[in-house]
Amino acid sequence: MARARSRYVCQECGSVHTQWAGRCDACGGWNSLVEEAAPEGPPKSLSGSGAKGRKIDFVGLQGVSEPAPRRLTGLAEFDRVCGGGLVPGSALLVGGDPGIGKIHPAAAGRFGACLGARRGEVEMRLHLR
């Protein structure tokens with residue numbers, strides 16, 4: 001019979017450690033690790049309880065597939081960089097140095113949305129004019 005394993009759980013942040021220490025590495029709390037019995041075996045859903053998941057078919061990557069339909073933005077260089085336009089239902093993250101024109105594709109206004117983390121609403125409106 002295998003030896004029962006134990007784990008040490010921080011009472012302040014909940015992080016789990018394999019051995020006891022005086023200080024929790026995650027939150028820095030002192031004397032906050034308490035020994036608990038480790039859970040035994042896999043969860044019931046994985047241990048052959050009869051419940052079966054949905055089957056998926058694997059597809060090989062060799063061969064040729066139809067290219068995804070693309071939507072042209074009207075900005076030739078942007079469409080070229082995106083591989084011929086935007087794929088409907090996809091997301092595109094545009095990054096780069098300040099001032100290189102990352103907002104200009106959104107200024108066309110025919111597609112998508114522009115999310116800015118560093119600029120306020122008023123400043124975004126000024127740049128999109």
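Remember, it's a predicted structure, so these values are computed and weren't measured experimentally. (Residues numbered from 1 in each chain as written. Predicted model: local features only at pLDDT ≥ 70, side-chain atom pairs only at ≥ 80, totals over all residues. Heavy atoms only, no water.)

### With respect to unusual backbone geometry
In the Ramachandran plot, Asn31 falls in the positive-phi region, its phi being about 50° despite a non-glycine side chain. Tracing the sequence through the fold places Asn31 in the loop between strand S2 (16-17) and strand S3 (33-37). (Helix = DSSP H or I, 4+ residues; strand = E, 2+ residues; numbered from the N terminus.)

### Quick word on the pattern of salt bridges
Scanning the entire structure with this criterion turns up two salt bridges. A salt bridge links Glu36 to Arg7; the nearest nitrogen and oxygen atoms lie 3.7 Å apart. Note that Glu36 is positioned in strand S3 and Arg7 in strand S1 (residues 6-10), a separation of 29 residues in sequence. Accessibility expressed as a relative area gives 28% for Arg7, which makes it partly exposed. (Salt bridge = Lys/Arg side-chain N within 4 Å of Asp/Glu carboxyl O. Buried < 20%, exposed > 50% of the residue type's maximum accessible area, 1.4 Å probe, protein only.)

### As for the environment of His17
With respect to the helices and strands, the residue His17 is situated in strand S2. Through-space distance from the C-alpha of His17 to that of Ser6 is 9.5 Å; in sequence the pair is 11 residues apart. Among the polar contacts made by the side chain of His17, one reaches the side chain of Ser15 at a distance of 3.2 Å. (Polar contact = N/O pair within 3.5 Å; in protein donor to acceptor, adjacent residues only side chain to side chain.)

### Re the pairing of S1
The pairing of S1 with S3 spans five bridges and is antiparallel. Directly across from Arg7, in S3, lies its bridge partner Glu36. In this sheet, S2 lies alongside S1 in antiparallel orientation, the contact comprising two bridges. Note that in S2 the partner of Tyr8 across the bridge is His17. Connecting the antiparallel pair S1 and S2 is a turn made up of five residues, with Gly14 showing a positive phi of about 85°. (Pairing = 2+ DSSP bridges.)

Interpretation note: all reported values are geometric properties and have no functional meaning in isolation.
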